[in-house]
Amino acid sequence: MKKLTIIILLFPVLTLLAQIAPENFEINKDKLSKITDTNPLGNSILDIVVEDDTVWLGTTRGVSRSTDGGETWRNYYGTSAFGEESIPAIGYYNGVFYAATGHSTEKDGSTLPEGSGLKYTTDNGESWQSVPQPVDEPGDSSVIYGVNTLRALPVTVEINNITYDIALTPGTIWITTFAGGLRKSTDMGLSWERVVLPPDYLNELYPDSSYSFALQPVAGAFGDENYLNHRVFSVVAMNDSTLLVGTAGGINKGFIDSQTGDITWKKFNHLNQDYAISGNFVTAMAYNQWDESIWAATWKAEGASEYYGVSASFDGGENWKVYLRGEKAHNFGFRKYNISGLETAQVMASTDNGLFRTTEEGNNPATWITPQNIVDDVTLIPMVSKKFYSVMYQKYRGSNYIWIGSAIDGLGLLKESTGIWTGEWKVLTSSPVLPSVSESYAFPNPFSPDDEYTRIKYKFDQASADVTIRIMDFGMNLVRTLIQKAPRDGGQERLEIWDGRDESGGIVPNGVYFYRIDVDEDEPVFGKIMVLM
């Protein structure tokens, strides 16, 4: 059997690559200890898990944990357990917290995701156990499904074999990967089993029926079969015996036999139902336990009639309704309510184009609204980008907290009062502490104006002052005046935003730019920014 050295990405996963790529600004190692524990270390928040008073974050700079409503954080980036890995997926169940780790790597001129395993803790982060990324031996070319022994492509490398999602049921952890498919472990990750899903041409799979297909996500030397439904990206447990698995070929609902562990599968895709999901590339799913609805981020895959949207089912997947047409969703959260003794929830979705939330509780929401101008009420730090990866609700000490994870702007927290998206906002961004008023820096740096902003960080001692910040090119010609004699309070670090555009609104060319900060009559402070697209 020829050893598989790499699986070529035949499906667009650029967004997933962006999520696990390291943030493009450097934190000097000797400054790492100077970063306060009041903020998480990552500004790209990929996933959020809430359990009672504890909030866990998976970010491009490791795992962060808070147990006091976000006042302080314990960050695990740079520790012996996590090193400098990104965290593409996290999960929690019955006292055990799991985090998948990974990074980007260069291979034959391409940037590809590479998994480096999982970490788990049973004592709330005091100690960690490591689990290697599951890989196969070259001879692992078969898998058992019910009465069948099926051919299975051995995945022998970690490239394109990165864990995108985690689900936990009693005694079992389930993970999803593009190359490695769906896998499960019943011994805390010491060993893994490949889990068979239906091939593209079958809508159902039964353990007691006979089949002859191969478990194979791409064609190659191993065989000609090429199944989108074997490229797996999301998983969620509806209960202890029912799984939902999202692939590049649709949504698979699995019923687990409690005696044998065999799974019967039923697949839902864009074409096999009258009321179907919008697209077959299912990047995220969530289960709303309060009304037993299923929510899925259903992106366009290969079908001409597919489209981006949020697909929801209120009857276990038999029929679907599509909301937020055209939006690329990444994750879901549910804002719980108790109305007349009945528990229900509003649905929240994080997307490439902002945060959305239903105005009605229960099923069939008609109206979705987004928050206006997310700005920290104290520091005035804004969330400028519209791209959000995660959103989660928490009931904390009698207050309603909504956590939002931005793609580049850090972590947002809304202590909600009345209405929707109203209350006290806090924005937590990560950057090294400025050692003096004579220093400043910009982050991320370099940055790409196509999908990023850079933030210029500075401070001054006066109680208040008028501040002017200008951007110049390499020849010290004026490119943009960001603020002109703008009143600012002093005594704390400030952030100003540059979107990489000049005075006329055009994106500046690649190159080195300088900024100048003038605070009243003080000596100006200069810094350098690199634009790289």
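The next subject is the overall build of the protein. Looking only at helices and strands, one finds one helix and 38 strands in the protein. Taking 533 residues into account, the globule formula puts the C-alpha radius of gyration at 24 Å, and the protein, at 24 Å, falls close to it. Principal axes of the C-alpha set define a box for the protein whose edges measure 80 × 60 × 50 Å. Long-range pairs, those at least 24 residues apart, make up 52% of the contacts in the protein with a sequence separation of at least 6. Surface summary for the protein: the accessible area is close to 22100 Å², and the carbon and sulfur share equals 47%. In the protein, which carries 42 positive and 67 negative side-chain charges, the distance between the mean positions of the two groups comes to 2 Å.

Taken together, the side chains of Asp461, Asp466, Asp520, Glu521, Asp522 and Glu523 define an acidic patch exposed on the protein surface. A relative accessible area of 37% places Asp466 in the partly exposed class.

Attention now moves to unusual backbone geometry. With omega at -10°, the peptide bond leading from Phe443 into Pro444 counts as cis. With an omega of 5°, the peptide bond running from Asn445 to Pro446 counts as cis. As for its placement among the helices and strands, Pro446 is situated in the loop between strand E32 (441-443) and strand E33 (454-458). The phi torsion at Asp520 lies on the positive side, around 50°, for a residue other than glycine. Tracing the sequence through the fold places Asp520 in the loop between strand E37 (511-519) and strand E38 (525-531). Taking the relative accessible area as the measure of exposure, Asp520 reaches 36% and is therefore partly exposed.

Our focus in this paragraph is the pairing of E33. For E33, a buried count of five out of five residues is recorded, marking the element as mostly surrounded by other parts of the structure. Here E33 shows a buried face lined by Thr454, Ile456 and Tyr458 and a second buried face lined by Arg455 and Lys457. Where E33 lies against strand E36 (residues 494-498), five bridges are found, and the strand directions are antiparallel. In the sheet register, Ile456 faces E36, and the bridge partner there is Glu496.

Let us now look at the pairing of strand E31 (residues 423-428). One ladder, built from six bridges, connects strand E30 (residues 411-416) with E31; its direction is antiparallel. For Gly412, the partnering residue across the bridge sits in E31 and is Val427. With antiparallel pairing between neighbouring strands as the criterion, E30 and E31 make up a hairpin whose turn holds six residues, including Gly419 at a positive phi of roughly 75°.

Rules used throughout
- Residues numbered from 1 in each chain as written.
- Predicted model: local features only at pLDDT ≥ 70, side-chain atom pairs only at ≥ 80, totals over all residues.
- Heavy atoms only, no water.
- Helix = DSSP H or I, 4+ residues; strand = E, 2+ residues; numbered from the N terminus.
- Rg over C-alpha atoms; globule rule 2.2 N^0.38 Å.
- Contact = heavy atoms within 4.5 Å.
- Areas by Shrake-Rupley, 256 points an atom, 1.4 Å probe, with all protein chains shown as cover.
- Lys, Arg positive; Asp, Glu negative; His and termini not counted.
- Charge placed at Lys NZ, Arg CZ, Asp CG, Glu CD.
- Patch = residues over 30% accessible without salt bridge, like charges linked within 9 Å, V, L, I, M, F, W, Y side chains within 5 Å.
- Salt bridge = Lys/Arg side-chain N within 4 Å of Asp/Glu carboxyl O.
- Buried < 20%, exposed > 50% of the residue type's maximum accessible area, 1.4 Å probe, protein only.
- Pairing = 2+ DSSP bridges.

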